[in-house]
Amino acid sequence: MERPKDRMFPAFEQSENSRMPRLANWAVIGIFLILAFSAIAAGRDFLMPVTMAGLLFFVFTPLRRFAERRGIPDALTAAGITLSILLAVAVIAYAASGPLSRAMTNMPVISAQLEQKFDNVRDSLSDLRDAAQRIDEAQSSNDEDDTRPAIRVETDGQTTLGMVMTSAPLLFGQVVFTLILLFFMIASGDLLYLKIVQSFDRLRDKRGAYLALRQIEDSLGNYLGAITIINALLGLAVGLAMWAWGMPGALLFGIGAFVLNFIPYLGAITGVVISLLVALVVMPGLFWPAMVALTYLGLTSLEGQIITPYFVSRRLQMNTVVVFLAVAMWAWLWSVLGMVIAVPVLVVMRVLADHVPGWEKFGNFLAGDAPPALADEDEDEARDLVEAGAAAEDEPSARLATADVGEADDPRP
């Protein structure tokens, strides 16, 4: 029996009604996915800065193109962008260093106050505690002859400050690597776009790939630009609210809200928990700490439920279940940075689903819209295509600028 030529994976010699070939194909796909996730997790120290640099490249390429149209060299633009990012990170780190240093210095006092607060809570629940103690006594009397060894939890004795000092060189190295790679990517101009477009054979495929790159630019720029501005305003609101409540380190709360809100769902929850714990230390009783936490929760809920959906394009909004699962998956793979890049990666995949034939159902699963399908086409004017679109400011302008490239010389329908 001759094997059909269009199969993606080898099939067993079975009858036409057999499901074994399809099961074998899915088994191969499953093995590939397992190996791919293992490789992504194992290469996190290298892949994290590369992914971050790639996302930032798409975000800042419109700015580089804008500067190029005004005669500014790409290398100078790249240097300005990387230095600006470095300066912003340094300013945030310097602003947060003072409150963090004081918090680390006062950590023993803070821990004692938290323990005392929770002891008061436990005392107020003495009836439940007595009931639990009686249950423990009854169970211990039943297990007098149990010779199983007790479970012991051992720690390596490393403090939080020690963990920070241990991970700081690796984090610094990844930041430097990201900025250097971003500099070279931006300084190379349209070279990366040109190489990607040249990798396709047919002209229609080349144009589709170029338009996909331009749409990724627009989508990531619009999404991250809007989210950054909204998060900055949220950080300002949280900082002012914490200052109004008399919380210590209101500036640090504002910076923390700005940074944490880049992590969907989990960032807001983390901020609420931190504000509650700090309020338990500095405020009497439980009512006022609860009000502080509710204030933080109210601000983040207002941002997440009203402001962000209003200002972020509906085309860029994602299935909330998919977003949550993506955040959890990337947290498992790459920890905190994985949670930060989860939604930008989904945005890129959503754009690709609009341009890759066969990905329509996947794009519909991500966003709820039915993405359009693209046809195939022909060869060889990649450089003209990229140069024609370089002067366009956005993806619709690039679509018009590249509409007639190669059409007169393209003999294929």
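Rules and cut-offs
- Residues numbered from 1 in each chain as written.
- Predicted model: local features only at pLDDT ≥ 70, side-chain atom pairs only at ≥ 80, totals over all residues.
- Heavy atoms only, no water.
- UniProt positions renumbered as here; feature names shortened; annotations may be inferred.
- Helix = DSSP H or I, 4+ residues; strand = E, 2+ residues; numbered from the N terminus.
- Buried < 20%, exposed > 50% of the residue type's maximum accessible area, 1.4 Å probe, protein only.
- Contact = heavy atoms within 4.5 Å.
- Areas by Shrake-Rupley, 256 points an atom, 1.4 Å probe, with all protein chains shown as cover.
- Expected span 1.5 Å × (residues − 1).
- Bend = angle between axes of the 7 residues up to and from the residue.
- Patch = residues over 30% accessible without salt bridge, like charges linked within 9 Å, V, L, I, M, F, W, Y side chains within 5 Å.
- Salt bridge = Lys/Arg side-chain N within 4 Å of Asp/Glu carboxyl O.
- pLDDT = per-residue confidence, 0-100.
- Phe/Tyr/Trp six-rings, centres within 6.5 Å; stacked < 30°, edge-to-face > 60°.

You'll find the protein entered in an unreviewed UniProt entry as AI-2E family transporter, with Paracoccus nototheniae given as the organism. Listed in UniProt under the heading Subcellular location (unreviewed entry), the comment for the protein reads: "Membrane". The Sequence similarities (unreviewed entry) comment attached to the protein in UniProt states, word for word, "Belongs to the autoinducer-2 exporter (AI-2E) (TC 2.A.86) family."

## Some points on the overall build of the protein
Broken down by element type, the protein carries 15 helices and zero strands. In the protein, which comprises 413 residues, the share counted as buried stands at 33%. For the protein, long-range pairs separated by at least 24 residues make up 71% of all intrachain contacts whose partners lie at least 6 apart in sequence. A total accessible area of about 25,500 Å² is found for the protein, and carbon and sulfur atoms account for 66% of it.

## Points about helix 2 (residues 44-69)
The α-helix winds at 3.6 residues per turn, so residues separated by three or four positions along the chain end up facing the same way. Taking 1.5 Å per residue, 26 residues should reach 38 Å; helix 2 reaches 37 Å between its end C-alpha atoms and fits that length. Along its length, helix 2 shows its largest kink, about 40 degrees, at phenylalanine 60, and proline proline 62 lies within four residues downstream of that point. Glycine 71 sits one or two positions beyond helix 2 and adopts a positive phi of about 85 degrees.

## Considering a nonpolar patch on the surface
Together, Tyr265, Leu266, Ile269, Val273, Leu277, Val321, Phe324 and Leu325 give the surface a local cluster of nonpolar side chains, amounting to about 700 Å² of exposed area. Elements represented by at least two residues in the nonpolar patch include exactly helix 10 (266-282) and helix 12 (320-355). For the nonpolar patch, the element with the most residues is helix 10, which contributes four residues. Among the structural elements, leucine 266 can be located in helix 10. Classification of leucine 266 as partly exposed rests on a relative accessible area of 31%.

## Focus: the UniProt feature "transmembrane region" (unreviewed entry) in the protein
What UniProt calls "transmembrane region" (unreviewed entry) maps, in this numbering, to residues 23-40, 46-63, 75-96, 171-194, 223-245, 276-299 and 319-352. Secondary structure within residues 75-96 divides into 100% helix and 0% strand; the distance between the first and last C-alpha atoms comes to 32 Å. Between the first and last C-alpha atoms of residues 223-245 the distance is 32 Å; the span itself is 96% helix and 0% strand.

## Points about the confidence of the model for the protein
Per-chain confidence: the protein averages 77 in pLDDT, with 71% of residues scoring 70 or above. Ranking the elements of the protein by mean pLDDT puts helix 5 (residues 126-142) last with 59 and helix 2 first with 90. The model gives residues 368-379 a pLDDT under 50, and that stretch makes 41 contacts with residues more than four places away or in other chains. Under a pLDDT of 50 for its full length, residues 408-413 has, in the predicted model, ten contacts with residues more than four places off or in other chains.

## Considering the packing of aromatic side chains
By the definition in use, this model includes eleven aromatic pairs. Through pairs of rings, three or more aromatic residues link up here, namely Phe57, Phe58, Tyr193 and Tyr210.

## Looking at the side chain of arginine 65
Looking at the element boundaries, arginine 65 is found in helix 2. In this structure, arginine 65 is in contact with Asp190, Tyr193, Arg214, Glu217, Ala390 and Ala392, ignoring residues within four places of it in sequence.

## Some remarks on the pattern of salt bridges
Scanning the entire structure with this criterion turns up eight salt bridges. For arginine 64, the salt bridge goes to aspartate 74, with nearest N and O atoms at 3.9 Å. Of this pair, arginine 64 sits in helix 2 while aspartate 74 sits in helix 3 (residues 74-105), and the two are ten residues apart along the sequence. Each member of the pair, arginine 64 together with aspartate 74, is buried. One salt bridge in this structure joins glutamate 395 and arginine 399, with 2.7 Å as the shortest N-O distance. Of this pair, glutamate 395 and arginine 399 both sit in helix 15 (residues 395-401), four residues apart, which is roughly one turn of the helix. Residue classification places glutamate 395 among the buried residues on the basis of a relative accessible area of 10%. Here the salt bridges share partners, and the residues they tie into one network are Arg64, Arg65, Glu68, Asp74, Asp190, Arg214 and Glu217.

## Some words on unusual backbone geometry
Leaving glycine aside, a negative phi is the common case for residues, and trans is the common case for peptide bonds. Residues other than glycine seldom take positive phi values, yet tyrosine 265 does so here, at roughly 65 degrees. You can see tyrosine 265 is positioned in the loop between helix 9 (250-260) and helix 10. Classification of tyrosine 265 as partly exposed rests on a relative accessible area of 37%. The backbone of serine 335 shows a phi angle near 65 degrees, a positive value even though the residue is not glycine.

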